[in-house]
Amino acid sequence: MDDNTGELSGLFAPERVAVVGATESEGSIGRAIVENLRADFAGETIPVNPNYDEVFGLACYPDLGSVPESSEIDLAVVVVPPTIAVEAVRDCGEAGVRNVVVITAGFGETGSEGASRERELTEVAEQYDLDLVGPNSLGVMSTTSGLNATFGPENALPGSISFMSQSGAFITAVLDWATDEGIGFKDVVSLGNKAVLDETDFVRAWDDDPDTNVILGYLEGVEDGGAFIDAAREASGDTPVVMVKSGRTEAGAQAVSSHTGTLAGSEQAYEAGLEQAGVLRVENVQELFDFAQILSGQPLPDSDDVAIVTNAGGPGVMTTDAVGDSRLSLASFSESTVEALSEAMPEEANVYNPIDAIGDADIDRFERALDLALGDENVGCAVVLSAPTAVIDFDDLARVITDLQADHGKPVAAVLMGGERTESAKEILREGGIPNYFDPARAVGSLDALSRYREISGREYESPEAFDVDRERARAVLSRAVERGDNRLGVEAMDLLDAYGISTPEGVIADQPEEAVAAAQNIDGDVVMKIVSPDILHKSDIGGVKVGVTNEDVYDAYEDLVTRARNYQPDAEILGVQVQEMVDLDAGTETIIGMNRDPQFGPLLLFGLGGIFVEILEDTETRVAPVSEREATEMVEGIRSAPLLRGARGREPADRDAIVESLQRLSQLVTDFPAILELDVNPLVAGPDGVQAVDVRLTVDTDELDSSDPNSADRPTEELDS
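Right, let's walk through the structure included here. (Residues numbered from 1 in each chain as written. Predicted model: local features only at pLDDT ≥ 70, side-chain atom pairs only at ≥ 80, totals over all residues. Heavy atoms only, no water.)

## Some remarks on the layout of surface pockets
Next up, step 1: Of the pockets and cavities examined, the second largest pocket occupies roughly 480 Å³.
Next up, step 2: Glu181, Ile183, Gln293, Arg430 and Pro435 are, among the 26 residues lining the second largest pocket, the residues nearest its centre.
Next up, step 3: Contributions of two or more residues to the lining of the second largest pocket are made by β10 (158–165), α5 (168–181), α10 (285–297) and α15 (423–431).
Next up, step 4: Element by element, the count of residues in the lining of the second largest pocket is highest for α10, at five residues.
Next up, step 5: Here the residues of the lining of the second largest pocket sort into nine nonpolar, 12 polar and five charged. (1 Å grid on protein atoms, 1.4 Å probe; cavity = no way out; pocket = protein on both sides within 12 Å on 5 of 7 lines; lining within 4 Å. Points joined across faces, edges and corners; volume = space filled by probe spheres on them. Helix = DSSP H or I, 4+ residues; strand = E, 2+ residues; numbered from the N terminus. Nonpolar A, V, L, I, M, F, W, Y, C, P; charged D, E, K, R; others polar.)

If you want it as structure tokens, here you go:
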């Protein structure tokens, strides 16, 4: 047997497998697993069941402790009733079996009793340091050793793709389809309830496995977003990671009391997190395997310039349209290539890209056209498309495509359009690592995936910068929410931003009109005055903001703001009125920086156009914190309104470096303090000379803040890097 060098080699390359709950009972899962192992597994299968002396001619033992040299069992597959499954796993630990797959259902997916049972299972696994898959799992496969420790109907074909799925039923359907398509796998795992091992563990294991060329996943959720990002980033430098993420999870931490909370939900967290992790996210199963086939069989292109070679004008136009919809572009042939094509092709043919060799093209004409196209230095990859004709044999064409791809070393996708007559040709292409598609758009999409992965594999991930900040001052500001018994803070928390080096205008919160007058006299020029109340979120909607107030008018303005607030919401808690230095909004651009804490990925940063337009335009970029300078820059440059910041229509450019730094500082703040659930700085006014955070509001988990270690904020930020 080949040795799997990954971290979980005992799961995928065992030599002795025990089936706890083995039986010959017709229709039982215990029987199906034993039969699957007996059919293909190169190692030893050991039935365990106190009710049998033997199962299918194999010696059967009452418990694992009775198995000779039980500590040398590499893998135990547990398929007993849920009421005794936890004890069966404990027996595995006692017998020295480290790798366990729990097929049994009836755990967290079934309600409170099952959830309690699952917690107990996790505790047992931790006690004995078990690598445990499941519960509620279909099982595991590894074609290297013929291992089929599942109750699926058949084993997978051998290949270099490793595949995990949260749905066991999905695995059986995919394997059945993949067998028909000739798609093979290295390892397959049904994650089940993920009580111990989850998607992150398998990404790490397959990253270490030299026989896995592509990692595929069907996920309904990610257990620990930060750990997954770390693992996938590490893996994706060498091994493509392609995922279907289904379902949408309500962000449990989302109080939806801020713009960020409204705009940045769980789906955005997955989108941002998977992108930051270097995962190729796909929308459906067809894309999952389209991408997997080309990534496992073809080299990466040196450029995104595509050549199209076809014998059919209409499908050639479809292919050209698909290129236009992708990140790829049509290659421009060199003069020498065009001249050579003109000599080789009939007069009616199109010798520019796409090359139309016309309907009577024979195999020699196709071969010459493709050879010249792939030989052009301006071509990075190619699509070869053929409709069936009386003068072309698909098997011959497949051999030509395979040979020329190998000669030139550039990626090729084939589109042999037809039914049964393409079957043997597809097999020839498959042996050469070349995928075939009926739809030209799928071929282009797959080449686009190669291009995207080339960019991912070349990324260099920077560590977030650690700024010199005043964490104790920040903690003191957050503690006001605990002291007040309210989980919301507004402009009274401006000191929080100041403690983390995010620029704020000079200002004071006054709880008496006389105090407001004194504060205004200490500020140069006219002032802005705002009602301060955690119960009034949209101050401008109720006339709770006055701009350009002179010193003489401050007293009356104070009383007017308080009166308006009380008339609007009599039970609102009024903390006072903020008296703030005027910021020249006309000279800057109003932006928003914010955070919403996602239950899987943690702090999700948001940047976009701010002020009153944030929820109207929804022009935002999101990333999972902590972010590096590069990622913060991508956020600023990524919004559709970025030209406004660059100085559109004669405006002075905004200080984009200051925006980027503010995002990084906010990233550090929300990473340092998990108690911050939501935070908005809106607007963050970006002018030519820097930024000013004019307003802030946030939601705090007071229990988290109150119970957290007061020294936890002193951890070096480097420890939090992802």
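## Quick word on the sheet that holds strand β12 (residues 214–219)
Next up, step 1: Read from one edge to the other, the open sheet built from seven strands follows the order β9-β8-β11-β10-β12-β13-β14, with strand pairing classed as mixed. The open sheet is flanked by β9 (147–150) and β14 (280–282), the only strands paired with a single partner. On average, each strand axis in the sheet is tilted by 15 degrees relative to the strand beside it, whichever way the strands run.
Next up, step 2: Across three bridges, strand β8 (residues 139–142) lies against strand β11 (residues 185–190) in antiparallel orientation. Bridge pairing links serine 142 to aspartate 187 in β11.
Next up, step 3: Sitting on the sheet, helix α6 (residues 199–207) is in contact with β10, β11, β12 and β13 (241–245), with an inclination near 165 degrees to β10.
Next up, step 4: Across the sheet, α10 is in contact with β10, β11, β12, β13 and β14; its angle to β12 comes to roughly 170 degrees. (Pairing = 2+ DSSP bridges. Axes fitted to C-alpha atoms, helices over the stretch in contact; angles between N-to-C directions. Contact = heavy atoms within 4.5 Å.)

## Section: the packing of aromatic side chains
Next up, step 1: As enumerated under the stated definition, the model contains 11 aromatic pairs in all.
Next up, step 2: Between the aromatic rings of phenylalanine 185 and phenylalanine 289, the centroid separation amounts to 6.0 Å while the plane-to-plane angle is 80 degrees, which identifies the pairing as edge-to-face. Here the residue phenylalanine 185 occupies a position in strand β11, and phenylalanine 289 occupies one in helix α10, the gap between them amounting to 104 residues. Across the pair, phenylalanine 289 and phenylalanine 185 agree in class, each one buried.
Next up, step 3: Between tyrosine 270 and phenylalanine 601 the ring centres are 5.0 Å apart and the planes differ by 85 degrees, which places this aromatic pair in the edge-to-face class. Taken together, the residues tyrosine 270 in helix α9 (residues 266–276) and phenylalanine 601 in the loop between β25 (589–598) and β26 (602–609) connect sequence positions 331 residues apart.
Next up, step 4: Taken together, the ring pairs connect Phe163, Phe170, Trp177, Phe185, Tyr218 and Phe289 into an aromatic cluster.
Next up, step 5: In this structure, arginine 117 is placed above the aromatic ring of phenylalanine 107, and the distance from its NZ or CZ to the ring centre is 6.0 Å.
Next up, step 6: In this structure, lysine 245 is placed above the aromatic ring of tyrosine 270, and the distance from its NZ or CZ to the ring centre is 4.3 Å. (Phe/Tyr/Trp six-rings, centres within 6.5 Å; stacked < 30°, edge-to-face > 60°. Buried < 20%, exposed > 50% of the residue type's maximum accessible area, 1.4 Å probe, protein only. Lys NZ or Arg CZ within 6 Å of the ring centre and 35° of its normal.)

## What about the packing of helix α19 (residues 513–521) against helix α20 (residues 554–568)?
Next up, step 1: Axis separation between α19 and α20 bottoms out at 8 Å; the angle between their running directions is 130 degrees. The angle between α19 and α20 places the two elements in the oblique class. Seen from above, α19 lies across α20 with right-handed handedness. Contact with α19, carried on its side by Pro513, Glu514, Ala516, Val517 and Ala520, involves Val554, Tyr555, Tyr558 and Glu559 of α20 and no other residues of that element.
Next up, step 2: Each residue belonging to the contact of α19 with α20 can be placed in one class, and the counts come to seven nonpolar, no polar and two charged. (Parallel < 35°, antiparallel > 145°, perpendicular 65-115°, else oblique. Left-handed = near helix turned anticlockwise from the far one by under 90°.)

## Quick look at the packing of helix α3 (residues 82–94) against helix α4 (residues 112–128)
Next up, step 1: Look at α3 against α4: their axes get within 9 Å of each other, and the N-to-C directions meet at 5 degrees. Between α3 and α4, the angle falls in the class roughly parallel. Residues Pro82, Thr83, Val86, Val89, Arg90, Gly93 and Glu94 of α3 lie in contact with α4, whose contacting residues are Arg117, Glu120, Leu121, Val124, Gln127 and Tyr128.
Next up, step 2: Partitioned by chemical class, the residues of the contact of α3 with α4 number six nonpolar, three polar and four charged.

## A closer look at the sheet that holds strand β24 (residues 576–581)
Next up, step 1: Pairing is antiparallel in the open sheet, where four strands are placed in the order β21-β24-β22-β23. Each edge of the open sheet carries a strand with a single partner, namely β21 (507–510) and β23 (545–549). On average, each strand axis in the sheet is tilted by 20 degrees relative to the strand beside it, whichever way the strands run.
Next up, step 2: Bridge analysis of strand β22 (residues 527–532) against β24 gives six bridges, and the strand direction is antiparallel. Looking at β24, one finds that valine 527 is bridged to glutamate 581.

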